[in-house]
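Now for the letters of each chain:
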Amino acid sequence: PTCDITVTTTIQDAINSATSGQVVCVPAGTYTTNTNVNKDITLVALNSPTSVNPVVIKGLTVSANGATIKGLRIDGLSVLGAKAAIQVSASDVTIDSNVISGMTGNGLGTIKGIHLYSTTGISNIVLTNNLLESISDTGKGSVGIMVQGNVNGVEITYNTIKDISSNNNTYG
């Protein structure tokens, strides 16, 4: 991709310095700080999430209309309560070619690979070419992709969801 900004410290620092419409590129490595895509940007990994040197993050929130997330890997995320690896609360968002693998929960809430949620209304969201695997919770439940609340116009295509387990409810 053509990069306007390349991450040098944290992904959030790069997002904070970006302006609307820019492409923020993330080099290979593990990034452990919380990330909120709160601007209309494209956040893209420079390496494939299935490569030997992927971009590994510990979860992501998308709160800006128009954002695109591509090629990230969320691996081995352990959560307390009801959490999502990727939480989307904005419209016109694309989540493309990401991997969520090895997510575990402590049983105190349903865990989700990708969660689209709004009480006020979001729309026009594309989830495509993502791999969600090995999501397991000991109690409330596990979900690959959850669309909840006032959400319209969601396109879910070419995603692979496998090995989702729980002692309670399990959904793809």
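Let us look at the structure shown here. (Residues numbered from 1 in each chain as written. Predicted model: local features only at pLDDT ≥ 70, side-chain atom pairs only at ≥ 80, totals over all residues. Heavy atoms only, no water.)

1. Some points on the environment of P1
Considering the arrangement of structural elements, one finds P1 in the segment before β1 (5–6). Residue classification places P1 among the exposed residues on the basis of a relative accessible area of 67%. Along the chain, P1 and L77 lie 76 residues apart, while their C-alpha atoms are 27 Å from each other. Beyond its immediate chain neighbours, meaning those up to four positions away, P1 contacts C25, V44 and L46. (Helix = DSSP H or I, 4+ residues; strand = E, 2+ residues; numbered from the N terminus. Buried < 20%, exposed > 50% of the residue type's maximum accessible area, 1.4 Å probe, protein only. Contact = heavy atoms within 4.5 Å.)

2. Some thoughts on unusual backbone geometry
Positive phi is not limited to glycine here, since S134 has a value of about 55°. Structurally, S134 can be placed in strand β15 (residues 131–137). Using a relative accessible area of 31% as the deciding quantity, one classes S134 as partly exposed. Positive phi is not limited to glycine here, since D163 has a value of about 60°. Tracing the backbone through its elements, the reader meets D163 in strand β17 (residues 160–166). Its relative accessible area of 55% is what places D163 among the exposed residues.

3. Considerations on the side chain of N130
If you trace the backbone, N130 turns up in the loop between β14 (111–128) and β15. Judged by its relative accessible area of 3%, N130 falls in the buried class. Every residue in contact with N130, bar those within four places of it in the chain, is listed here: I95, D96, S97, N98, I114, Y158, N159 and T160.

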